[in-house]
Amino acid sequence: MDKAIDVVGEARDDSLTSTLIDYLMGTTDGVPKDANYLFRLHIALRDYDAAAKTTVLIARQEQEMGNYKIAHRQLFDAHRELTGEGRRPPTDLTQSLMLLHSYALVKLRVKRKDHTGAARLLRRVASGIDRFPAHVVPILTSTVIECQRAGLKRSALEFATQLMQPERRGQIAEAYKRKIETIVRKPDRTEADAPSSPCPMCDVAGSEWDLACDGCSASIPYCIATGKRVRIGEWARCPECLFPCNAGDFVDVVAQEKACPMCAREVSLSAVKPLEDPLATMRAREVKAMVGDALDCSLLYSIGYTCCPSCDACGQDGTLCAPAAETSEHAPDVALGPWQGADLTGVDGDLGNFETLVQPGGLYATFGTPMGIIFSVDARRRAPAYHEIGRAHV
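Residues numbered from 1 in each chain as written. Predicted model: local features only at pLDDT ≥ 70, side-chain atom pairs only at ≥ 80, totals over all residues. Heavy atoms only, no water.

Caption draft 1: Spotlight on the nonpolar core. With 66 residues, the main nonpolar core has Ile224, Cys241, Phe250, Cys260 and Met262 as its most contacted residues. Sorting elements by how many residues they give to this core places helix H6 (residues 91-111) first, with 8 residues. (Core = buried A, V, L, I, M, F, W, Y, C linked by side-chain atoms within 4.5 Å. Buried < 20%, exposed > 50% of the residue type's maximum accessible area, 1.4 Å probe, protein only. Helix = DSSP H or I, 4+ residues; strand = E, 2+ residues; numbered from the N terminus.)

Printed below as a string of structure tokens:
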């Protein structure tokens, strides 16, 4: 099957592709094949959107049946495959993986007697309980019990109330039913706020468990050892799977568990060190995602980038350098290089003379390219999203 996928991927022949898809779907012989083959076929054909949708569908089916480890592995493998191809995994894939990994971490935190961490993780999982239809009542029960242990009384009351709904009440284990009923009858809403942690993109403080920043609306990477936000001074990566972590927490977990909690591979603790510029890779991936399939080194050069010896946009571990500061003959009105604090309010696609639009005091930094493309960068974020806002008038 592997050879067949490779051949079809190389041939890019519609007839061959249709024949293989029919076989994999079971249309030919009535026997559907392992859906992972369909995912790999889409990857070979460079149809990354279809590959991602296939993976999410497979994982969702496994998750609905309660096969959480299988679903986690499916999403993790797809995430690695897509990022290895220089593609950004879609939000539904990353969110599903985050929830499943948070659930997987609960057992680890309880084992380490970190009931507050377990409660916070379970609260996150219970907030997406519709993703776990096979174990709704057990998960909500565990959430109530761990929240009570951790002193999160308001959260315990919230989920105990959900458990007492008529369709769930009869399914509560007898060992916990009276305790849960008492929580609902005698409500206690006291609960300390979670410790705060600054957003690594914009420095706005928020709960260390909140993965969405209220300041810049960024999705904050989570530590694969704890489920908390990554922190700039401690942001590291697993040497095996390259998923983000806080170095101290990750080393602490791996030293006891002997493996990465995300990829389950053995890790050399000496290789886990905080990254010098953890946002460089994110910036490079933003550019690659913006340009899409057309991105390669020659295109990077053509739009004004200088490529470091090792460049993440090429699929390796490195950084993407800033646009060269020079003026292009193709866009004479655009002087290249970053402008800090440019205010582009009201600018439309017909930019005219770009330099006249650059005014200090705004929220944006902007730059142009030799192709005349103008990008804006929200200066409130350290890992900015690059958006094409128009082309220079040539």
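Moving on, there is more to tell.
Caption draft 2: Summary view of helix H7 (residues 115-126). Its 12 residues give H7 an end-to-end C-alpha distance of 16 Å, which sits within 8% of 16 Å, the value for a rise of 1.5 Å per residue. With respect to burial, H7 is a largely interior element, 9 of its 12 residues being buried. Residues of H7 that are buried include every one of Gly117, Ala118, Ala119, Arg120, Leu121, Leu122, Arg124, Val125 and Ala126, and no others. If you follow the buried residues of H7, they end up packed against H6, helix H8 (136-150) and helix H9 (153-163). (Expected span 1.5 Å × (residues − 1). Contact = heavy atoms within 4.5 Å.)

Caption draft 3: Highlighting the packing of helix H4 (residues 48-64) against helix H5 (residues 68-84). Viewed as axis vectors pointing N to C, H4 and H5 meet at an angle of 170°, and their least axial separation amounts to 8 Å. In terms of orientation, H4 and H5 fall into the roughly antiparallel class. By crossing handedness, the relation of H4 to H5 is classed as left-handed. For the pair H4 and H5, the contacting residues are Tyr48, Ala52, Thr55, Val56, Ile58, Ala59, Glu62 and Gln63 in the first and Tyr68, Ile70, Ala71, Gln74, Leu75, Ala78 and Leu82 in the second. Per-class residue counts for the contact of H4 with H5 are 11 nonpolar, 3 polar and 1 charged. (Axes fitted to C-alpha atoms, helices over the stretch in contact; angles between N-to-C directions. Parallel < 35°, antiparallel > 145°, perpendicular 65-115°, else oblique. Left-handed = near helix turned anticlockwise from the far one by under 90°. Nonpolar A, V, L, I, M, F, W, Y, C, P; charged D, E, K, R; others polar.)

Caption draft 4: Molecular detail of the side chain of Thr141. Looking at the element boundaries, Thr141 is found in helix H8. Accessibility expressed as a relative area gives 7% for Thr141, which makes it buried. In this structure the side chain of Thr141 is engaged in a polar contact, spanning 2.7 Å, whose partner is the backbone oxygen of Val137. (Polar contact = N/O pair within 3.5 Å; in protein donor to acceptor, adjacent residues only side chain to side chain.)

Caption draft 5: The pattern of salt bridges, seen in detail. Overall, the coordinates contain 15 salt bridges when judged by the stated rule. The salt bridge partner of Glu234 is Arg231, with a shortest N-O separation of 2.9 Å. Accessibility expressed as a relative area gives 31% for Glu234, which makes it partly exposed. With relative accessibility at 22%, the residue Arg231 sits in the partly exposed group. (Salt bridge = Lys/Arg side-chain N within 4 Å of Asp/Glu carboxyl O.)

Caption draft 6: Representation of the packing of H6 against H7 in the model. The contact between H6 and H7 brings their axes to 8 Å, and the two run at 155°. Regarding the angle of H6 to H7, the classification is roughly antiparallel. When the axes of H6 and H7 are compared, the crossing they make is left-handed. Where H6 abuts H7, its residues Met98, Leu99, Ser102, Tyr103, Leu105, Val106, Arg109 and Val110 lie against His115, Gly117, Ala118, Leu121, Leu122, Arg124 and Val125. Taken together, the residues of the contact of H6 with H7 break down into 10 nonpolar, 3 polar and 2 charged.

Caption draft 7: Fine view of the confidence of the model for the protein chain. Put simply, the protein chain has an average pLDDT of 76, and 71% of its residues get 70 or more. Considering only residues more than four positions removed or in separate chains, one finds that residues 290-394, a stretch of pLDDT under 50, has 212 contacts. (pLDDT = per-residue confidence, 0-100.)

Caption draft 8: Spotlight on the environment of Leu38. In this structure, Leu38 sits in helix H3 (residues 35-44). Its relative accessible area of 15% is what places Leu38 among the buried residues. Spatially, the C-alpha atoms of Leu38 and Leu20 are 9.1 Å apart, while their sequence positions differ by 18 residues. Setting aside anything within four residues of it in sequence, one finds Leu38 in contact with Ile21, Leu24, Met25 and Thr54.

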